[in-house]
Amino acid sequence: MPQFLRSARFQAAFAVLAMAASPLGAAEAFGRWQQRPRRCVVEQGVAPRLRCHELQLDQRSPQVLRLSVQADGPQRGEVIQLTLVGSLAEGSAPMGCRDGACTLKQPLALSLISLSLVRFDGRGLAQSLPSTWTVRGVCRIDRSELRCEAENAELAEAGAPGWTIEAELR
């Protein structure tokens, strides 16, 4: 092997070129976007409005996203986690992600397919297994606000109340 191939300078330059040319240097299709909203509420029918305090959007693939919302429960110290799963609506582009962190480059529209809910006590222990429903609905998310509406696909015709999440992000 020629001497120049063994030199530290050549190996360092080769490593930089290899990293620049690899897919790891490009934007990734997966990651997470988190926000502590300025104002956020979760509503379901006539039940009391719940104040939410954290939003997390996970992009598992370029087309499927999961929105988790943590809200104060109706009981003192109780926390409710509501999770909506949806696919990007036609015309929406995925978030831009790098090293597991994502940014909203343009507004997102999601067609919702499922909703799950789990309650935690003041110590953070789950009070039950998550309840999960098939839903119909949409989420619209941009840099300044989030609005989601979801109704239980099986009970909507029977008049079951749907879920609404509204958040002011900036």
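Computed from a predicted structure; not experimentally measured.

**Details of the state of the cysteines**
Disulfide: a covalent bond formed between the sulfur atoms of two cysteine residues. Counted by the stated rule, this structure contains three disulfides. Residue pairing for Cys97: its cysteine sulfur links by disulfide to Cys102, the two sulfurs lying 2.0 Å apart. Taking the sign of the S-S torsion, 95° for the link of Cys97 and Cys102, the bridge is right-handed. Relative accessible area serves as the criterion here: at 2%, Cys97 is assigned to the buried category. Residue class for Cys102 comes out buried when judged on its relative accessible area of 7%. One disulfide bridge connects Cys139 with Cys148, the sulfur atoms lying 1.9 Å from each other. Because the torsion about its S-S bond is 115°, the bridge between Cys139 and Cys148 counts as right-handed. Here Cys139 and Cys148 have matching classes, each one buried. Counting only the cysteines that take part in disulfides, in the order they occur along the protein, gives the pairing 1-2, 3-4, 5-6.

Quick notes on the rules
Residues numbered from 1 in each chain as written. Predicted model: local features only at pLDDT ≥ 70, side-chain atom pairs only at ≥ 80, totals over all residues. Heavy atoms only, no water. Disulfide = S-S within 2.5 Å. Buried < 20%, exposed > 50% of the residue type's maximum accessible area, 1.4 Å probe, protein only.

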